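Geometric and topological summary
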Amino acid sequence: MIRALSELGIAPDMIIGSSVGALNGAVLAADPDNAANRLAQIWESMTPKSIFGVDSKLGAAWTLARDGFAGKGSALCSSDALEQLIISNITVDRIEELPVETMVVATDLLAGRPKLFRQGPLARALLASASIPGIFAPVKIDSVFCVDGGVTANVPIRQALAAGARSVVVLDASPAGTPGFVPRNPLEAFVQASMIMVRSQQAGATDDLANKHPIMRLPQPTPPALSVVDFGQSRELIDVGFTTTKTFLGDFAELAGPVSDSQSA
């Protein structure tokens with residue numbers, strides 16, 4: 001999606017991301033000209049171990065039995081691997097130092113509402129935004145316990161408008177439909193149920209705001225029936241995202257050229 005937008009000369013003057021979208025957004029904000037290539041490198045090198053710290057269901061089960069069921073932790077996986085992944089791919093220390101204005105959305109676990117970070121340590125905010133409840137432990141930032149931003153604002157359109165955006169381009173990389181198969185393990189079951197809840201949440205937000213503000217949603221991908229921890233087809237999915245978005249944007253030739261101050265993505 002980012003590559004297709006870039007080829008048309010469309011660049012954001014504000015970026016707001018939630019969950020893994022916050023990580024993608026931070027890479028884009030750090031170096032807009034090379035973000036597409038950099039993100040392709042990151043995702044093509046991704047493995048379950050680089051995110052969850054384990055490379056098998058047996059390893060995950062052992063972690064849960066050792067820590068979770070023993071009352072030594074509130075999560076299935078340690079967030080150490082995810083934190084290292086973030087640190088190794090982020091070159092800017094603080095959110096406010098990014099060349100493009102950026103906001104990271106997490107969820108305030110105790111208050112049950114979105115928590116917006118516009119300044120402060122970038123890696124810590126990204127870790128909080130991507131900390132799936134039950135999979136990773138909450139991240140404490142300034143006395144607030146934070147979990148995945150997708151819980152309350154998977155597509156943070158309201159937050160973008162509240163921050164001053166006068167138009168929004170939505171890059172939603174979550175699948176357009178359900179996986180199409182019965183979950184094969186607890187992680188798949190949890191993520192599939194979460195996706196259903198998130199889809200319902202974001203549909204309501206878009207329907208409510210679309211008639212009041214200029215909102216362009218790029219077409220969501222329709223991937224094959226893949227496990228949530230299967231990164232073996234990343235290149236194919238990236239190519240599909242590019243060609244689908246480029247075809248879609250072909251109908252909006254008038255958008256070509258730099259984005260004005262009134263537009264944000």
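Scoring rules and cut-offs
- Residues numbered from 1 in each chain as written.
- Predicted model: local features only at pLDDT ≥ 70, side-chain atom pairs only at ≥ 80, totals over all residues.
- Heavy atoms only, no water.
- Helix = DSSP H or I, 4+ residues; strand = E, 2+ residues; numbered from the N terminus.
- Buried < 20%, exposed > 50% of the residue type's maximum accessible area, 1.4 Å probe, protein only.
- Areas by Shrake-Rupley, 256 points an atom, 1.4 Å probe, with all protein chains shown as cover.
- Core = buried A, V, L, I, M, F, W, Y, C linked by side-chain atoms within 4.5 Å.
- Salt bridge = Lys/Arg side-chain N within 4 Å of Asp/Glu carboxyl O.
- Axes fitted to C-alpha atoms, helices over the stretch in contact; angles between N-to-C directions.
- Parallel < 35°, antiparallel > 145°, perpendicular 65-115°, else oblique.
- Left-handed = near helix turned anticlockwise from the far one by under 90°.
- Contact = heavy atoms within 4.5 Å.
- Nonpolar A, V, L, I, M, F, W, Y, C, P; charged D, E, K, R; others polar.
- pLDDT = per-residue confidence, 0-100.
- Arc of directions from axis to C-beta.
- Phe/Tyr/Trp six-rings, centres within 6.5 Å; stacked < 30°, edge-to-face > 60°.

1. Concerning the overall build of the chain
Scanning the chain for helices and strands turns up eleven helices and seven strands. Considering the chain as a whole, with its 265 residues, one finds that 41% of them fall into the buried category. Carbon and sulfur atoms form 57% of the exposed surface of the chain, whose accessible area is close to 13500 Å².

2. Considerations on the nonpolar core
Formed by 41 residues in total, the largest nonpolar core has its most connected members in Ile 51, Leu 82, Ile 90, Val 104, Phe 117, Leu 122 and Leu 126. Of all the secondary structure elements, the ones that give two or more residues to this core are α2 (20-30), α3 (35-44), α4 (48-52), α6 (80-89), β2 (102-108), α7 (122-129), β4 (139-141) and β5 (144-147). Broken down by element, the residue count for this core peaks at six residues, all from α2.

3. What to know about the pattern of salt bridges
One side chain can pair with another of opposite charge once the charged atoms of both are near each other. The tally for this structure, following the rule as stated, stands at six salt bridges. The closest approach of N and O atoms between Glu 44 and Arg 235, which form a salt bridge, is 2.6 Å. With Glu 44 in helix α3 and Arg 235 in helix α11 (residues 234-249), this residue pair connects regions lying 191 residues apart in the sequence. The class for Arg 235 is partly exposed, based on a relative accessible area of 32%. When salt bridges with common partners are traced through the structure, they connect Glu 44, Arg 235 and Asp 239 into a single cluster.

4. Quick look at the packing of α6 against α7
Two numbers describe how α6 lies on α7: the axes approach to 10 Å, and their chain directions differ by 135 degrees. One way to sum up the angle between α6 and α7 is to call them oblique. Between α6 and α7 the crossing geometry is right-handed. Seen from α6, the contacting residues are Leu 82, Glu 83, Ile 86 and Ile 87; seen from α7, they are Ala 123, Arg 124, Leu 126 and Leu 127. Looking at the contact of α6 with α7 residue by residue, the classes come out as six nonpolar, no polar and two charged.

5. Overview of the side chain of Gln 159
Structurally, Gln 159 can be placed in helix α9 (residues 157-162). Once you skip the residues sitting within four places of it in the chain, Gln 159 turns out to touch Ile 16, Pro 114 and Ala 153.

6. Observations regarding the confidence of the model for the chain
Looking at the chain as a whole, its pLDDT mean stands at 82, while 72% of the residues score no less than 70. Averaged over each element, pLDDT in the chain is lowest for helix α5 (residues 57-68) (54) and highest for α7 (98).

7. Considering α3
Of all the positions in α3, only Ala 35, Ala 36, Leu 39, Ala 40 and Ile 42 are classed as buried. Down the axis of α3, the smallest arc covering the buried residues is 165 degrees, so these residues share one side. Lining the buried residues of α3 we find α1 (2-7), α2, α6 and α11.

8. A short note on the packing of aromatic side chains
Scanning the entire structure with this criterion turns up two aromatic pairs. With a centroid separation of 6.4 Å and an interplanar angle of 35 degrees, the aromatic rings of Trp 43 and Phe 231 are classed as tilted. One end of the pair, Trp 43, is in helix α3; the other, Phe 231, is in the loop between β7 (215-217) and α11, with 188 residues separating them in the sequence. Overall, Trp 43 belongs to the partly exposed group, its relative accessible area being 22%.

9. Some details on the packing of α2 against α7
Viewed as axis vectors pointing N to C, α2 and α7 meet at an angle of 150 degrees, and their least axial separation amounts to 7 Å. Taken as axis vectors, α2 and α7 run roughly antiparallel relative to one another. Taken as a pair, α2 and α7 cross one another with a handedness that is left-handed. From α2, Ala 22, Leu 23 and Ala 26 reach across to α7, where they touch Leu 122, Leu 126 and Ser 129. Across the contact of α2 with α7, the residue classes break down as five nonpolar, one polar and no charged.

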